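Each chain, letter by letter, is given below.
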Amino acid sequence: MITAKVPPLNPEHVGLIASKFCGSRLEPLQPIGAALYGFSLKQGSPDESALQALEHVMAQRGFVVFKDQHDLSPEELVKSCCWFGGKQVHSTHAVHPATPNYNRD
């Protein structure tokens with residue numbers, strides 16, 4: 001059986017994210033992924049260096065869970081998803097009805 005090793009969180013990225021999102025903390029999930037606590041997606045787009053750090057964490061760990069996002073509207077969720085990647089929401093399962101043009105541009 002082959003087991004892939006997921007790298008630990010980069011302390012530089014953890015520090016940058018904590019400084020850009022005051023009071024937030026990034027923790028590894030096991031066996032893959034990471035969780036970001038203390039940042040509300042309602043706050044709007046983070047600056048470019050914070051987005052790059054989050055993208056690196058996503059690439060290295062597989063995904064980031066933005067914890068405690070209880071009161072996001074569908075529009076806010078779609079807008080925050082567009083901070084990453086090609087500025088489109090991608091899904092292999094379903095498309096949320098609030099996705100602009102149902103992601104069929």
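Located above this text is the structure these notes cover.
The text that follows walks through the structure, step by step, so that each part is easy to find. (Residues numbered from 1 in each chain as written. Predicted model: local features only at pLDDT ≥ 70, side-chain atom pairs only at ≥ 80, totals over all residues. Heavy atoms only, no water.)

1. Here we look at the overall build of the protein
Thinking step 1. Summing up its helical and strand segments, the protein has three helices and three strands in all.
Thinking step 2. Overall, the protein shows an N-to-C arrangement of helices and strands of α-β-β-α-β-α.
Thinking step 3. Counting the 105 residues in the protein, one finds 27% classified as buried. (Helix = DSSP H or I, 4+ residues; strand = E, 2+ residues; numbered from the N terminus. Buried < 20%, exposed > 50% of the residue type's maximum accessible area, 1.4 Å probe, protein only.)

2. Brief notes about unusual backbone geometry
Trans peptide bonds make up most of the peptide bonds, and negative phi angles are found at most residues other than glycine.
Thinking step 1. With an omega dihedral of 10 degrees, the bond running from Q30 to P31 counts as a cis peptide bond.
Thinking step 2. Looking at the secondary structure, you find P31 in the loop between strand 1 (25–28) and strand 2 (34–37).
Thinking step 3. One non-glycine residue with positive phi stands out, namely D68, at about 60 degrees.
Thinking step 4. In this fold, D68 is placed in the loop between strand 3 (64–66) and helix 3 (74–81).
Thinking step 5. On the accessibility criterion, D68 (52% relative accessible area) is exposed.

3. Focus on the side chain of H13
Thinking step 1. By the secondary structure assignment, H13 is in helix 1 (residues 11–20).
Thinking step 2. Apart from the residues lying within four places of it in its own chain, the contact partners of H13 are A53, H56 and V57. (Contact = heavy atoms within 4.5 Å.)

4. Observations concerning the pattern of salt bridges
Thinking step 1. The tally for this structure, following the rule as stated, stands at three salt bridges.
Thinking step 2. A salt bridge links D47 to K20, with the nearest nitrogen and oxygen atoms 2.8 Å apart. Linking D47 in the loop between strand 2 and helix 2 (48–61) with K20 in helix 1, this pair joins segments that are 27 residues apart in sequence.
Thinking step 3. Among the residues examined, D47 registers a relative accessible area of 36% and is labelled partly exposed.
Thinking step 4. Overall, K20 belongs to the partly exposed group, its relative accessible area being 39%.
Thinking step 5. K42 is the partner of E76 in a salt bridge, and the nearest nitrogen-oxygen pair spans 3.1 Å. (Salt bridge = Lys/Arg side-chain N within 4 Å of Asp/Glu carboxyl O.)

5. Structural notes on the environment of H56
Thinking step 1. Relative to the helices and strands, H56 is located in helix 2.
Thinking step 2. Residues H56 and N10 lie 46 residues apart in sequence; the distance between their C-alpha atoms is 9.1 Å.

6. Some points on helix 2
Thinking step 1. Taking 1.5 Å of rise per residue, the 14 residues of helix 2 would be expected to cover 20 Å, and the 20 Å separating its terminal C-alpha atoms lies within 8% of that figure.
Thinking step 2. Every buried residue belonging to helix 2 is among A50, L51, A53, L54, V57 and R61, and all of these are buried. Seen from one end, helix 2 has its buried residues packed into an arc of 160 degrees, which puts them on one side. When the buried face of helix 2 is taken as reference, the exposed residues oriented beyond 90 degrees from it are E48 and A59.
Thinking step 3. Of the surrounding elements, those touching the buried residues of helix 2 are helix 1, strand 1, strand 2 and strand 3. (Expected span 1.5 Å × (residues − 1). Arc of directions from axis to C-beta.)

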